[in-house]
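Understanding the architecture of this molecule
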There are 2 protein chains.
Amino acid sequence: MSYQAPLKEMAFVMNQLAGLSEICKYPGFQASELDAQMTQAILEESAKFSQEVLDPLNWSADCAPGSLQGDEVFTAKGFKEAYQLLVAGGWQGVVHPQEYGGQGLPKLLATACTEMMNSANLSFALCPLLTDGAIEALLTAASDEIKHSYLPNMISGKWTGTMNLTEPQAGSDLSLVRTKAIAEPDGRYKIFGTKIYITYGEHDLAENIIHLVLARTPDAPEGVKGISLFVVPKFLVNPDASLGERNDVHCVSIEHKLGIKASPTAVLQFGDHGGATGYLVGQENRGLEYMFIMMNAARFNVGMQGVAIAERAYQRAVQYAKERLQSRDLSGSNGPVAIIHHPDVKRMLLTMRAYTQATRSLAYVGAAAQDASHQAVDPQEKILAQTFFEFLVPIIKGFSTEVSVEVASLGIQVHGGMGYIEETGAAQHFRDARILPIYEGTTAIQANDLVGRKTLRDGGAVAKRIAKQIETTETQLATHASDAALMMLSHLKPARLAFEEVVEYVLQNAKQDIKAVFGGSVTYLKLAGLTLSGWQMARTLLIAEELANEDPEFYAAKVTTAIFFAQQLLTQVPGLAVAVTQGGKSLNAMTADQF
Amino acid sequence: MSYQAPLKEMAFVMNQLAGLSEICKYPGFQASELDAQMTQAILEESAKFSQEVLDPLNWSADCAPGSLQGDEVFTAKGFKEAYQLLVAGGWQGVVHPQEYGGQGLPKLLATACTEMMNSANLSFALCPLLTDGAIEALLTAASDEIKHSYLPNMISGKWTGTMNLTEPQAGSDLSLVRTKAIAEPDGRYKIFGTKIYITYGEHDLAENIIHLVLARTPDAPEGVKGISLFVVPKFLVNPDASLGERNDVHCVSIEHKLGIKASPTAVLQFGDHGGATGYLVGQENRGLEYMFIMMNAARFNVGMQGVAIAERAYQRAVQYAKERLQSRDLSGSNGPVAIIHHPDVKRMLLTMRAYTQATRSLAYVGAAAQDASHQAVDPQEKILAQTFFEFLVPIIKGFSTEVSVEVASLGIQVHGGMGYIEETGAAQHFRDARILPIYEGTTAIQANDLVGRKTLRDGGAVAKRIAKQIETTETQLATHASDAALMMLSHLKPARLAFEEVVEYVLQNAKQDIKAVFGGSVTYLKLAGLTLSGWQMARTLLIAEELANEDPEFYAAKVTTAIFFAQQLLTQVPGLAVAVTQGGKSLNAMTADQF
């Protein structure tokens, strides 16, 4: 079955929850003359590209994902033509600065486009996603010379970008990076080393690939403070931006993966034939810092991949459940009915729907905060938005991706035996989704970020501010006082209190028992994800009851989905708080030898 | 890494929790002169077969799973030789009656053997598992003539068996079966129809395949009351048990599946060349009834597959976590440490361990109950054991298999990026596990059974009896009064109360709002699974504290794992009870069109 971009749903979240019209008023966006009509037109074009170009390639590319021949990767059939349409449509440049040829549109709008591409074809959409990351890194830290040499062609999509972090011994721990960078007299560097898990590290979609590479200069300090960032293009770039000679970076193998098979994951060898030419980005030894600035954007986008694949799995399951006839209705029917009428199938579909809508809502609200952090006029508003966004990033990345695996798994279950047959398509989403809680920092790495940088560093200030905002929503629910609002309140309040309790626990115990606190970090992340996305469902409920008359069926479904989230998912939160606050000691008690 | 059968762990559960020595005293087992030494010898032999023969084929067979040529399936390299060793070792006949050449040993012992084979190679182990099911069905319902013609060769493993239930339009709903059976003057039947998802429906491991087929006679009543069971051998069997002519049942295709790739899943065509010869099992129109008697055994065994794959995934993750060096220790270290020392890795491993041990304990206790139900002398003891076992079956099947997917997913996560690379092996367990909550009745079908046949039918009598037994354990925890026992009590008691609350809810509401009740059925099953397996962890804790001096490290790990289960997993139960008791209405509120 084919993908249908959920434009109505997206418009609701963007307009009602994330405040698109406010964002369009920021001075930085006034030049683009963005209004509701133009927004709608962009979304429709993006939907068309995703539905008509990318979606039809998703399964065929999974079956025949391309191959490595010599050191060249030939991507799956149809990818090259699809990529040309990506370039022609200007989709790589949606958020990027007009100065370098981008469209300079809000992140909120780009986020919806990212979601659609990833729903339609996760393997394909990874390529522009990685290029986005590389563009962000260069915008953040590169010299004007490098920016002018590379950014226009990357933002147009003519060239793609990669992130080269991981090495066989250096995964989550980048302090172990060994790739060497030796300065040459002309200011350039020679790069030597092996990088693994390089997504789209080699392919035939674009004429050049711009690798961003973490490496160490010979005198660099040990650990993370001795890592620098380099640009290493596949083909050297002449001063006139034309392509020069082939650089000494070569793909030596591609991985045989569980999913996202059509996205080539390369092992890249730098400098086996004399040294790969690299250009320092920013200053020496500040590479990790630059990476981290860029990382928030990349992690956010991977979180959106979670939302995207959940949406896709949900759509497929709903369609199957409406078509497949099996068993009589429990309340009586002459013959078999569509399985969507069976209570547990409905429960599974509502679980998928509730998770998808809730994580989408939180992510779009996050995207709007990032827009505000860049574009707001009031410096105080900027900082509030920035810190809010930064708090959300590990949650959006960690929670949406963990949830996407569960949603994709339910998608299989709705299909019964058919779900296990590859041709049905549900299994591909399950395989594809499974990478999301791993790459761009595993869930544990996100949780470390949530505990360390986002909670402990500011003494829980942002976390507590968010709890206050949730309390405001609770007050609105109490005032609204419909049955649905009161039901939501009865679960949102205990969840918010549990969130506060866990934040307090983290703050109180990090010094005395750091291991116990970090042992609860992923559970804290899950709890925060449920609470904060449940909060968005509470806001949704209030708005839906206000707007009910405008579109009764649509808003009734919104209210029901929100109540379902409250009763079936938010109710997990108090138990998770106990797991965090009590669980650390038993973790510590278990020695490695006892496993 | 290779599989190591957890013999010490198994011995603990069998002896301390499931009461093996009591079972060996039943008159029916006295002939086998089973004692601790003989038990140990059998388990060691089974471990050897699983570790040395089956485990080495697991990955290679996944990569090259065999093929269909014409209507013949050639299984993966090495499977034929392994199957010959299965036959030579007598492993097919462990539990089956000595009368037909089996060993007549306790189900409890056979369960451990089943676990080992499935840990080592799920695809391979499915073949004897299905044969077991077919043997049970014939033992239950077939005439002496059929029994004598087929059982000796099936119990020896010379022939294998299959279960032919599903048709394209008849999956969970067997009332829709259309396969026809036309009586012939000689008392035999001609069978016509298509059966799908037939595990090992065609293969080259044995010289004959005995298909058990659900079909309808021409005058049969509609629905499930018109289904009969037939034996349809691949090769007809002569009176002297030698093989006769090829029967008219042919494999027309095999499925391309997410996992268990080396187990051929066949589409079988019956009667395309004049009719397949079949023999009625038992009486006409009672086929589904016979199937249900057999089904408890098959479902239990699939539950064991869940335990088995969880154990395998756990072992692989532990070994990787002990070897992989990454990042410094949070409490300080000079260089990177093995990742098992990082709190979240430890949390994941303990989650895997706790789930595996808890589901194993519940399943072995269930197996012991089945032995008692067959072999106890006291009729009252027999009935109590039988009803206890029957209550457990949907929980063991549904909960252990759902949990196994989560455990296998954590197994990938522990490996980080490596986990997503197929060659690592963690991904295969994840793919293989995903079928378990689907086949032999999806989790929803198990949950229907739990609500309908196992809770409503007896007015909750068995459920309430189990709650009383848990209360007894609570009293023991209170009396024992160690810190660990009191901590366990603080979570077991609320879980048991929540279980009772949900049982009461089901009993009170089934008449007024059947859809709401069934909408909570899978959540009830999950809640029951956590509570009942948590109860086994509580019993474990008490025993481990008693025996602590005998093997301090082993029992300390048992106590820690039990406490971890209580704090991190049992704490989910009260929230699940709210989901069941409140969630039904919002499920009903959502119409199919609103999705």
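Residues numbered from 1 in each chain as written. Chains lettered and ligands numbered in written order. Predicted model: local features only at pLDDT ≥ 70, side-chain atom pairs only at ≥ 80, totals over all residues. Heavy atoms only, no water.

Side note on the overall build of chain A
For chain A, the helix and strand inventory stands at 20 helices and twelve strands. Taking 2.2 N^0.38 as the reference for a compact globule, 595 residues should give roughly 25 Å; the C-alpha atoms of chain A span a radius of gyration of 24 Å, in line with that estimate. With respect to the principal axes defined by its C-alpha atoms, chain A has extents near 80 × 60 × 55 Å. Of all intrachain contacts in chain A linking residues separated by at least 6 positions in sequence, the fraction that spans at least 24 positions is 75%. Carbon and sulfur atoms form 52% of the exposed surface of chain A, whose accessible area is close to 20,100 Å². Taken together, the 48 basic and 63 acidic charged side chains of chain A have centroids lying 5 Å from each other. (Helix = DSSP H or I, 4+ residues; strand = E, 2+ residues; numbered from the N terminus. Rg over C-alpha atoms; globule rule 2.2 N^0.38 Å. Contact = heavy atoms within 4.5 Å. Areas by Shrake-Rupley, 256 points an atom, 1.4 Å probe, with all protein chains shown as cover. Lys, Arg positive; Asp, Glu negative; His and termini not counted. Charge placed at Lys NZ, Arg CZ, Asp CG, Glu CD.)

Concerning the relation of the copies chain B and chain A
Of the two same-sequence chains, chain B is brought onto chain A (RMSD 0.0 Å, axial shift 0.0 Å) by a rotation of 180°. The superposition operator between the copies reduces to a two-fold rotation axis. Every residue of chain B has its C-alpha some distance from the rotation axis, and the shortest such distance is that of Gln572(B), at 3.1 Å. Here 100% of the interface residues in chain B have copies in chain A that are interface residues too; the copies meet face to matching face. (Least-squares fit on C-alpha atoms with pLDDT ≥ 70 in both.)

Quick word on helix H12 (residues 379–415) of chain B
All names here are of chain B. The terminal C-alpha atoms of H12, which comprises 37 residues, lie 51 Å apart, in line with the 54 Å expected from a rise of 1.5 Å per residue. At Leu392, H12 shows its maximal bend, which comes to roughly 30°, and the proline Pro394 appears one to four places after that position. Burial of H12 is extensive: 26 of the 37 residues sit out of reach of the surface. Taking the backbone nitrogen of Gln380 as reference, a side-chain oxygen 3.1 Å away marks Asp378 as the first, capping residue of H12. After H12 finishes, the residue Gly416 shows a positive phi value of roughly 60°. (Expected span 1.5 Å × (residues − 1). Bend = angle between axes of the 7 residues up to and from the residue. Buried < 20%, exposed > 50% of the residue type's maximum accessible area, 1.4 Å probe, protein only. Polar contact = N/O pair within 3.5 Å; in protein donor to acceptor, adjacent residues only side chain to side chain.)

Looking at the interface of chain B and chain A
Contacts between the two partners involve 91 residues from chain B, matched on the other side by 91 residues from chain A. Counting the surface lost from both chain B and chain A, the interface buries some 7,600 Å², and carbon and sulfur atoms represent 60% of this. The tally of links between chain B and chain A comes to two salt bridges. Its salt-bridge partner being Asp329(B), residue Lys515(A) comes within 3.0 Å of it at the nearest N-O pair. (Buried area = accessible area lost by both parts, 1.4 Å probe. Salt bridge = Lys/Arg side-chain N within 4 Å of Asp/Glu carboxyl O.)

Concerning the packing of helix H10 (residues 287–323) of chain B against H12(B)
Residues and elements named next belong to chain B. For the pair H10 and H12, interaxial distance at closest approach is 8 Å and the crossing angle is 25°. In terms of their interaxial angle, H10 and H12 are classed as roughly parallel. Of the two elements, H10 crosses H12, and the hand of that crossing is left-handed. (Axes fitted to C-alpha atoms, helices over the stretch in contact; angles between N-to-C directions. Parallel < 35°, antiparallel > 145°, perpendicular 65-115°, else oblique. Left-handed = near helix turned anticlockwise from the far one by under 90°.)

A short note on the environment of Ala444(A)
Positionally, Ala444(A) belongs in helix H14 (residues 443–456). On a C-alpha basis, the gap between Ala444(A) and Leu86(A) in space is 34 Å, while along the polypeptide they are 358 residues apart. Those residues within four positions of Ala444(A) in sequence are excluded, and the remaining contacts are Val522(A) and Asp344(B).

Description of the packing of aromatic side chains
Residues and elements named next belong to chain A. Per the stated rule, a full pass over the model turns up 24 aromatic pairs over all chains. Among the aromatic residues, those joined into a cluster by ring pairs are Phe12, Phe554 and Tyr555. Taking NZ or CZ as reference, Arg246 lies 5.6 Å from the ring centre of Phe235, over its face. (Phe/Tyr/Trp six-rings, centres within 6.5 Å; stacked < 30°, edge-to-face > 60°. Lys NZ or Arg CZ within 6 Å of the ring centre and 35° of its normal.)

Focus: the pairing of strand S11 (residues 265–270) of chain A
All names here are of chain A. Counting buried positions over the six residues of S11 gives six, a clear majority of the element. On S11, burial covers both faces: Thr265, Val267 and Gln269 on one face and Ala266, Leu268 and Phe270 on the other are all buried. Alignment of strand S5 (residues 189–199) against S11, held across five bridges, turns out to be antiparallel. Bridge pairing links Gly193 to Phe270 in S11. Examined bridge by bridge, strand S10 (residues 249–254) and S11 share five bridges and lie antiparallel to one another. Paired with His250 across the two strands is Gln269, which belongs to S11. (Pairing = 2+ DSSP bridges.)

A word on the side chain of Ser409(A)
Tracing the backbone through its elements, the reader meets Ser409(A) in helix H12 (residues 379–415). Apart from the residues within four sequence positions on either side, Ser409(A) is in contact with Phe430(A), Val405(B) and Arg434(B).

Topic: the nonpolar core
Met488(A) and Met488(B) are the most contacted members of the largest nonpolar core, which has 405 residues in total. For Met488(A), the residues in contact, after removing those within four places along its chain, are Leu477(A), Gly534(A), Met537(A), Ala538(A), Leu541(A), Ala562(A), Ile563(A), Ala566(A) and Leu570(A). (Core = buried A, V, L, I, M, F, W, Y, C linked by side-chain atoms within 4.5 Å.)

Side note on the pairing of strand S7 (residues 228–233) of chain B
All names here are of chain B. Across the six residues of S7, six count as buried, placing the element largely inside the fold. Taking every second residue as pointing to the same face, both faces of S7 are buried, with Ser228, Phe230 and Val232 on one and Leu229, Val231 and Pro233 on the other. Here six bridges tie strand S6 (residues 208–215) to S7, and the two strands are oriented antiparallel to one another. When the bridges of S7 are listed, Leu212 appears paired with Val231. Inspection of the sheet shows S7 paired to strand S12 (residues 276–281) by three bridges, in the antiparallel sense. From the neighbouring strand, Leu229 faces S12, where its bridge partner is Val281.

Notes on the packing of helix H1 (residues 7–17) of chain B against helix H7 (residues 107–120) of chain B
Helix-helix packing is described using two parameters, namely the angle between the two axes and the distance between the axes. All names here are of chain B. Direction vectors running N to C along H1 and H7 enclose 155°, while the axes themselves pass 11 Å from each other. With respect to each other, H1 and H7 are oriented roughly antiparallel. As for how H1 packs across H7, the hand of that crossing is right-handed. Contacts between H1 and H7 involve Leu7, Met10 and Met14 on the former and, on the latter, Leu108, Leu109, Ala112, Glu115 and Met116. Of the residues assigned to the contact of H1 with H7, the class counts are seven nonpolar, no polar and one charged. (Nonpolar A, V, L, I, M, F, W, Y, C, P; charged D, E, K, R; others polar.)

A few points about the state of the cysteines
Residues and elements named next belong to chain A. As enumerated under the stated definition, the model contains zero disulfides over all chains in all. Cysteine Cys251 shares no disulfide, and the gap to the nearest cysteine sulfur, in Cys127, comes to 14 Å. A residue is classified by how much of its surface remains accessible, and Cys251, at 4% relative accessible area, is buried. (Disulfide = S-S within 2.5 Å.)

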